[in-house]
Each structure stands twice: as structure tokens, then as C-alpha cells.
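What the coordinates show
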Amino acid sequence: MTMMTPPPVDLFKDRLGFCAWIDLNFGENLYQEEEEMLVPHSDLVEGPQPMEVVAQVEPAGAVENQQVEDPPSMKFTWTIENFSRLNTKKHYSDVFVVGGYKWRILTFPKGNNVDHLSMYLDVADSTTLPYGWSRYAQFSLAVVNQIHNKYSIRKDTQHQFNARESDWGFTSFMPLSELYDPSRGYLVNDSVVVEAEVAVRKVLDYWSYDSKKETGYVGLKNQGATCYMNSLLQTLYHIPYFRKAVYHMPTTENDVPTGSIPLALQSLFYKLQYNDTSVATKELTKSFGWDTYDSFMQHDVQELNRVLCEKLEDKMKGTVVEGTIQQLFEGHHMNYIECINVDYKSTRKESFYDLQLDVKGCRDVYASFDKYVEVERLEGDNKYHAEDHGLQDAKKGVLFIDFPPVLQLQLKRFEYDFMRDAMVKINDRYEFPLQLDLDRENGKYLSPDADRSVRNLYTLHSVLVHSGGVHGGHYYAFIRPTLSDQWYKFDDERVTKEDMKRALEEQYGGEEELPQTNPGFNNTPFKFTKYSNAYMLVYIRESDKDKIICNVDEKDIAEHLRIRLKKEQEEKEDKRRYKAQAHLYTIIKVARDEDLAEQIGRDIYFDLVDHDKVRSFRIQKQTPFIAFKEEVAKEFGIPVQFQRFWIWAKRQNHTYRPNRPLLPQEEAQTVNIFYFTSSWQLFIYFLCCKIDMWVITMNTRKCMMPYLHRLPWTFCGESNLVGQLREVSNKTHNAELKLFLEVEIGPDLRPIPPPDKSKEDILLFFKYVGRLFLKSSSKPIEIIGKLNQMAGFDPEEEIELYEEIKFEPVVMCEHLDKRTSFRLSQIEDGDIICFQKTPPLESEEDCRYPDVPSFLEYVHNRQIVRFRSLERPKEDDFCLELSKLHSYDEVVERVARKIGLDDPSKVRLTPHNCYSQQPKPQPIKYRGVEHLSDMLVHYNQTSDILYYEVLDIPLPELQGLKNLKVAFHHATKDEVVIHNIRLPKQSTVGDVINELKTKVELSHPNAELRLLEVFYHKIYKIFPPNEKIENINDQYWTLRAEEASPLYAYLLAIPDEEKNLGPHDRLIHVYHFTKESAQNQMQVQNFGEPFFLVIHEGETLADVKVRIQKKLQVPDEEFSKWKFAFLSLGRPEYLQDTDIVFNRFQRRDVYGAWEQYLGLEHSDNAPKRAYSVNQVKIVTHLRSQSKYTTSTIADDPTSTLTMMKILRCLSGISWNGEDESE
């Protein structure tokens, strides 16, 4: 750590007009302590400075034999005599030392403004410690019961102590009434015994922490939001049997990790096992088919685990490791329904790779298992229909046939809350044991067919933790790789040692009391919810642990994989070594005439050369420049005496040109010169670093003399090193030196010595036929013949000359007067001259770019655009070379010409989303942008993709219309017709209905239509005829038009009937639903087509059922299985035939989204309805005999996975079925 002191600004500020280079040697720190640097104390403390702390405990796994010191700890006992007669508010113990730090116990005998004993651990010398001090401790405080020691009260916590929080503990440690009661045993002979156990942990800097050195393990790098994946991968890696199976999966040396999940996982596991630093996961995620966008989305861990295992299971088929996934993770349970009164039992065997356990309402894992196998009674209205026995009372439940060797338990921390209509996180306290006995209570979880000889006793292997809320958070894992007592926390790149309490008890969740911060103030104890808690547990069966926790070494890794990965490691080490030694070297990039001739007009059009494509030399800074010239001579075959080097300079207009040649005396006697951009920059280097030497040029020595006596400097004279030459050419901190190698060729085509250069001589580059040395007083007309010869033109050809000045942000290329001298035209060394034949006047109109400036303008704005059809957004249809300055009309005209469309106004373009790699939801409006560049920009990124579609009417006309997709349900025919209705935006729903009548076939000439808003098989709105259509959204909701003729008046609740509703009638919603049991929790799922029904006062359910059966045309046998329920807020209340339906429903506005409806419970056996959207396209469906059907989405809307699909569909993001945002 280097201490930085603010510079004495008044000493040098704005006084020194000099340039100097300081050779900085960062050696040992000037001020350094063993664990932390102490700096002068300040009374001003901004606030607590928490720091993550690493415990020093014994290692495991690969480093079991290393000896690591335990954190220093101590037990201090304090007997407080005459306790009841203490009159002070605060009472301190004697000072004791732990870990080299002074501590003491602080008590409030009468309570810290509470009726409890208050007790804290205090840093004894906090007032004398230097500014910025910090120390970390885990400690417990106890009041000893002097009669029965087992009743002693002990509380523990941990804290990062600092100047602001120098004491920490418990305001409400124990009630004073209990403490002062002699019969309780805490106050004996007016004495109280207090104990403190303190363990001081070493505070380690996050950036310098070495996980491999401290723990023997390395972490995984986070790509943005991949901590959930990292925690899962670490868990799987530390199941050695699984790791060995992955190593044994067949891969070849021709496989590419980004295209092969097995190879990517093998590579990842190998690096986790043998790397010394954290490992990247990009190869693995790319093998999943993810892009950068997916890496910044939190996905569902359980889903990722299942998908990964399924893919590995598939890849293992036909190999020596086939069946490994099933052997490790697969268990089986039996779903059964057993009749009570008759001899009938139905069973179904199912397999599982993990179990989802309820957290809400369960105290621990055992309570969750009890709930999992809980027996459900099917009786009353919910009787079971047994074959040949009819409806019977029955018992329904689940029992386990066998458990897997590795048991994965997914804790249901996230659930759908019906009352809030949202997902919530369950932070309740939920305990899990270190050992899990699933044979408890005589095997209550096992089925009769289970093998009782297998002992289902499990030990905890890993705890995966989620910290945060339902909308996001952080994931990490606690793992004990060898099942020893040592736990490790794997938190992305960082691996630390942790104790058992941290891994288990602190991950139970629930609430915790926040220790008192300022004991002297009246602050009541505060309880807070712990948002960090376990969400996945991995147990390993005791009888299988020797097999699963096996040894995995290099012989388990395929030879080609070892060779490949070792080569990667060596290359990585070379890069690291290269980077570590970079300060000793200078990169010199040498451009030659050959490079300029090859690149101009091909790779570049502006300036002279791309320095990244020229020959580079890596030269030690201490190398004499003459030795570098000898290296160049070997490379290019140019003898040293024929070489002359020019230094490139970046001009103020951001161009890069050769500025001046290196003089012979400079090459031989180069000094270290560093050009500081400001005096402040000099102050930083001078005052904040340990200065070993100053190298100062002769012309700066005089101006420095008044101050040199204050500085530790040494004048080193002059030198001739390459590293020093680098500083001459760069006014910034570039690590590269760019040179232009001038080589003159004689008549015999051999190199000759470069000519002497005077101040009158200038070097000009003619794009690109070569370069010339000219006198600045000469005129362009004097070299016309020479230029024609260089270009291969006729000697008498008339040419025009232009100076290329700059190209950013706009091109500047000015015409040169051939009769004006170069000096007067302000032409200097390194300038670029472009020339062309003088075009005839009549040819200028026929040529798109008649002169050099217009051509360079075209090149500067040239843009290759890839066009894709909006219907095929992943495929390029064609490419067009356009200009960024092209207008909207010019772009669509070029597209129309390319696709053979006569009317460009029928082309609609949609921009590209650079993050989702999908079309943006909104297309470009007609002339809505000015230039092509505006179409391609997306936030701070620029794309080269546009999507196009061909409309049936011109876009300006379409933008004045409102387009609605309406699903027409015929009254008597089994068909659904999707119509696109286009009307002016000022139109009404009545206009839509009138337009629809011209397109559909009605069952009766006088039939009426109405428009409904339907979402998830529920009717949310009936549109009044006078409502404007401009604000109707058919993107999220289904618009349904239905026929209402007099023939079906009593069935469909037609408008006439609704208008004539009497005071004793009700208009109700009727929906189809089914109940699904997910982990023994009932969920209602709607399906089919909803409808309205008018019910009358006094009408029984039996009367209503007759009308419904007739409407839906359901056969008697099937209809007898239907159940009818009144549903409110998703909860069914089943009705009897004698119940008066009217009494259950409240009077409500029929146009509201109703929360109450009459539910028809039965199985959903109708075919799925697949809607196709065209201008007018009929999709006919054969309905089931009950005349009801399902729509395109039949998933549970309360499911997180389903809701994610919906949201992604609505936002235009593709769904691949393998991930889930949290």
C-alpha cells in the first residue's frame, strides 16, 4: 500500500514551464504494517467501513496437508461483585488482549434505557487508534448460571469494528427481572459472572485475496448475472463421481468448446481443478447457445439444472458413462389413489431428479416431507371415479419407492400469492439438519414396495443460498467437498473458509435482532428479516459417500483434453508473463512504403497506414537504438546506414502523420524526456511515489535549480536507450513507439543513404503513388510531370491536386492552387496530397463522384446494411451499400428496387435491437427519421441490420388506420375466423362490428354482434358500440366477436335480454376450470371459451345446469362428471343442485373484470386451437362433443415460468424454454 499525500500546490503550481521525465521505481512501501496501514487519526469519520472477512481454518480436498493457523481466540471471565449496588450507568471490565488487540466488556447493569441487561464487546483503545482503523471479530457474550451451568444465557454475533462502531453487542440481553431473581441462579452472593469468547480474524483486502492459496479452491467469474449458474456448477463439480463421469464423456480434439457442452464442461472442470485463479464460463454459456444478453439475465437454477442434466444424459448414451445421471440423481415415488370402501387402488410410478419442498408453513425439512406424503381425502363432492365402482371415497397421496444417492432438494422460496396477484419470496425460518434420516418413524415416507435394506441416512454436502428479493438478488453456495467439518463459501470468483454455523444456521432465514450500535443512546432493539437464506440443499447418502466422494486425477482426463488444456494454460501463462514484463519492453511499430502502398485503397482510405497491420518489434527498453536498427536490418534486409526513421505525431485534427526524422545525434544521444500534460501531473508523480532518480535535460536544469535542494534527485547525464526514445515520441502514456522507415532507392533499385534534410525540405505523400522530398518554396505545377510519371499518366495530362486535411467528424479535403507555393498553402512534413485527372465539364453530370472530395465523402459515409425479412428475423436476405446520409426516401427506394417493388411507400422498415438481437417492437414511421444513421443507432451502439416488410397498402395510409385482430366465433358452426379490421383511428366499436358483418357469414339476417375483451379464458370487458377504437390494444388481449341471434337469446345472454334485465335477474360470467395439484397445493386453471349467462331469482343450480348442458351440447354421461362451483378470488365453493345460484352473486357492472364467476369443473380434453393471422384466414377446429375448446395458451398463469413466457412474447424477446428471469 502506498500512502499518497496532497501536494503543496503553492510550491510549483503554474510556475514551471518545463518538460521532465521521472524514472519511477516502485519499491517497498514506505509505511507498512503487518496487517493494515495506520495513518494519522482524524475525529471526522464519515461512517462505518464494512469489509468482508476470511476465516483462517483448516483446508480440505486438494490442500488437506497444508498447515493454516487458526484465528486467535480467547475466553475471558469477569466476576462482577456487589452487582446490585452498582450506581454507574456503564460498567467496564478489565482489558484483555486477543489477536494483538485490546478488548473489554461493557455492561449497563440497569439496562440501556430498557428493562433488560445490556452488554457489549468494546475496543478498549478505540480513542487512541489511528484514523481508518478496522478489525473484525466473532464473539459470544454470556451470563453464567452459577447453580445450573446448562441454563447459562449465551448470545453470539460478529462485527467489523471501526471508529464509528467501536462496540457491538446486545441491548436486550436478558430481562432484569430474571437477572436480579436470586432463585434463578444468575445473581449469587450479589455477584454476576460474565464470559466473553472472542476470535479475531485477519482482515484481508478483497483485491489481493488469493482463493487458491487460502483454501485450495478457485472460483468462477461472473459474466454479469451468472452467479446462479456459478453456484450450481461449483456444487456439481464438488461431486467427484459426477466430475469423473464428465471427464470420461467422449470428445475429440476436433471439437470446439463453444459448440460442445461436454467439452466445455470438461474444460471448465479441469480449470477448476488445476488453475490458480478464477475460471471463466463463457465457453460453457456459448455452448448452451446463449449470447451476451442471456448472460445478463438471471435464469431459474432448477430449470438450468434439469436442462444441463438432460443434455449430459443424452450425450452419455452409448458411452462408458451411460446412466451416470440416473445413478446419481434419480429417485422414484409412487402416486396412489386408494378407495376406502371398495377394493380398488390406482398407482403410478414416477421418477424425479430433485424434489420441491414447501417452506411456507413448515418448520424444517422433516415437516416438508411430512407435508409431501400427506394423505388427501377424496370425498363428498370430490369423490374419486373408480373403474367399475363409480364415485367412491378415497385416499390420495405420494410415497417414495427409492431415494437417489445424491438427493437434491429445491426449497420453494418463491411462490405465487393469490391475494397480491404476484410472486413473493418466502423468507420464513426453515431449518435443515446436517444429517437427514428419511427412514425415520419406521419408514413413514416409503412405499410398501421400497427396499428396506437400503439405509436412507444422508449427510449435507452443499447449501445454495439466494440473497435478495423476488425481482433479483445474488446467489452463492456453501460446500464441504470432502464432507469434513470444514465448509467453504463459493461466491463467484471468491472462495473462503466458513464455519458450520455460517453455512447452516445463518441460512435458515427468519428474523434476527440487530445488535445495538450506540449503547449510550435510547435505541430500542430492532428485528429485521434475513433476506439471505437457503433455496437448494444437496445431501449425499452415507452408504454411498465413499463411492461418490472419490479421487479424481489426471488419469481420468482424456489425453487430447489434457494436451489441449495444458496448452491453453501455457498460453495463458505466457500472456501473463508478457503482461508482467511489459514495463521492461517497448513495442516499436515500423511502417514502410510497402505498407502504405498495400493498405491505401484496400484496408484504409484516410491517413496513411493502419499501424496494427505493420511489423512490430518488442524491444527491451535498455536496448541501444543502434541494436534495434540492426534488428530492422535483419528483418527487412535494409543495411543500418540506409535507414532513417521518422516519428509519427497525432495532430490536433486527430490525424496521424510522420512529423520529423530522428536526427543522428538523437539516435546516439537520446535523453529520457517525459512531456507532462500539466504541472499537477508532475506533482502526483513527484510527491506520491518513492523517487529514486530524476533525469533532467540541460535546458530544464536552470529553471529547476531553485527547487532542486528540496528534492531527492540525481542527475544521470545522457543515455541512448530505446525506452527513453519512446518517451520522446509520446506525449501520453502510450506503451508503443510508431516509426516510419524511410528508405531511398537508387537507379539500380538498391538502397542508398537518405539525403540530407534542411528546414526548406518537406516530405509529402501522394496518395498513393509514392512520396517526394520537395522545397517548401516550390509550386505544384513544377512537379506535374513527375506526378504523371509516378501515376502512369500521359506526361502532358492535366491533373487537379487536393490536400487531405482530416476526416473526423467530417471530411475536409481542399483544392490546391497549382501556382501557389507549398509554403503559402501551409503544406508541411507528412501532409497528404491526392490528385486526379482533370474531368471534362460534360462528364461531371454523369459521374456520381466526379472529384476527390466527393469520393472521400462517399467513402467516409459508406455503410453496408444487412436486410432481413420481418418474417425471418434470423436470416439475411440481401445487403445494400448505402450512405449514412441517405434520407428515409432514398433507403426505402433502394430496398424497393432490390426486391422488385414498384411502390416504395409499401416498404416498412423496423430497426434492430443490439441487446436482444431481435427486431424492435415498433417499426419506423413513414419519414420518421431523417437519415440512415438514425435508423441504425440503438442507444450507444450502432447496428448494420434492418428488417423490412411489404405492406398491402402504402405506409402513410396505414399509419392513419387502426388495425385490430378480431376472432369471430360463429353461433352454429365449429369454426373460428381471424379477421384483420382496418379502420380510421377515429372509428368506434360500432364501426368495427359493421365492418365485420360484411366479412362474416351470420346464422340469421337479423343477428347482432358484440365485441369482447378476453384474457386467459376470462371475459374482462364488453365494448360499448360508441367506444373509440384508437386506444384498444389487441396485442395483449384477445378481441372476440360473437353472434347473438334471437334463437340463442336465452343461451348467450344477448343484448336484448341484458337490456331487459329485471331487478331480480343477474348477468354472470361462466368459465371452465380444472384443479391441478402442484406439490400438494391446489391451483385453479381456467381453459376453454368463457360466456355470459342470465340467472333468475329463485333459480336452482339444477335449473341452470339444464340450460348450460343444452347450450354446450354435452352428452349426459360426460355432463354427469362435471362439478359446479362458485369461485371468488380463485377459491372454489362447490354447489349442490338445490342451491339458489342467484344468492351467491353480487350485482355488478357487467363491463367490469369480475372476480366472481360460476365455474364448470371438468377435464380439458378439447384439442388446442392454433390461430393463424392473415388478412382474412379461417382456421376451422373440430370441437369436442362438449362444444368447448382451449385457446393457444393453456399454461397456469400463476406459474413463474408461464408468466415469463408471456412477458417475453409481449416484449418481442424470443423464448428458448431453457431460462427464466427472476
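Within every chain, residues take consecutive numbers counted from 1 along the sequence as written. In keeping with the predicted nature of the model, local features appear solely for residues at pLDDT of at least 70, side-chain atom pairs appear and are counted solely at 80 or more, and the whole-chain, interface and lining totals rest on all residues. Remark: hydrogens and water are excluded; side-chain values derive from all non-hydrogen atoms of the structure.

1. What about a positive patch on the surface?
- In this scheme, patches are assembled from residues that exceed 30% relative accessible area and form no salt bridge. Like charges are connected within 9 Å, while nonpolar side chains (Val, Leu, Ile, Met, Phe, Trp, Tyr) are connected within 5 Å. For the accessible areas, the method is Shrake-Rupley and the probe is 1.4 Å, while residue cover comes only from the protein chains on display. Salt bridge, as used here, is a side-chain nitrogen of Lys or Arg placed within 4 Å of a carboxyl oxygen of Asp or Glu. The positive count covers Lys and Arg only, the negative count covers Asp and Glu only, and His and the chain ends enter neither. We put the charge of a Lys on NZ, of an Arg on CZ, of an Asp on CG and of a Glu on CD. A surface patch of like charges, here positive, comprises K221, K282, K286 and K572.
- Note on placement: K572 falls in helix α15 (residues 559–580). A helix here means a DSSP run of H or I that spans at least four residues, while a strand means a run of E at least two residues long, and both kinds are numbered starting from the N terminus.

2. Here's the deal with the sheet that holds strand β14 (residues 376–378)
- Pairs of strands are assigned from DSSP output, requiring at least two bridges between the strands. Read across the sheet, four strands follow the order β12-β11-β17-β14 without closing on themselves; strand pairing throughout is antiparallel. Edge strands, defined here as strands with exactly one partner in the open sheet, are β12 (345–352) and β14. For this sheet, the mean inter-axis angle between neighbouring strands, taken without regard to orientation, is 25°.
- As paired elements, β14 and strand β17 (residues 394–402) share three bridges and run antiparallel to each other. From the neighbouring strand, L378 faces β17, where its bridge partner is A394. Fitted lines through C-alpha atoms give the axes, limited to the stretch in contact for helices. The angle between two N-to-C directions lies from 0 to 180 degrees.

3. Here's the deal with the packing of aromatic side chains
- Aromatic contacts are taken between Phe, Tyr and Trp rings whose centres are within 6.5 Å, Trp giving its six-membered ring; a plane angle under 30 degrees counts as stacked, one over 60 as edge-to-face, and the others as tilted. Per the stated rule, a full pass over the model turns up 44 aromatic pairs.
- Relative to F161, the ring of W103 has its centre 5.2 Å away and its plane inclined at 70°; by these criteria the two rings are edge-to-face. Taken together, the residues W103 in strand β5 (residues 101–108) and F161 in strand β8 (residues 153–162) connect sequence positions 58 residues apart. F161 carries the same exposure label as W103, and that label is buried.
- Clustering of aromatic rings is evident, with ring pairs tying together F352, F369, Y372, F400, F403 and Y445. Exposure classes here rest on a 1.4 Å probe applied to the protein chains alone. A residue is buried below 20% of its type maximum, exposed above 50%, and partly exposed in between.

4. With respect to unusual backbone geometry
- For the bond running from E808 to P809, omega is 0°, close enough to zero to count as cis.
- In this fold, P809 is placed in the loop between β39 (799–806) and β40 (812–815).
- Its identity as a non-glycine residue notwithstanding, D388 has a phi of 65°, on the positive side.
- Inspection of the secondary structure assignment puts D388 in the loop between β15 (384–386) and β16 (390–392).
- Overall, the relative accessible area of 82% leaves D388 in the exposed class.
- One non-glycine residue with positive phi stands out, namely Q826, at about 60°.
- Structurally, Q826 can be placed in the loop between β40 and β41 (832–837).

5. Remarks on α15
- Compared with the 32 Å implied by 1.5 Å per residue over 22 residues, the 31 Å span of α15 between its first and last C-alpha is a close match.
- For this analysis, residues touch if any pair of their heavy atoms sits within 4.5 Å. Where α15 is buried, its residues touch α6 (261–274). Multiplying one less than the number of residues by 1.5 Å gives the expected span of a helix.

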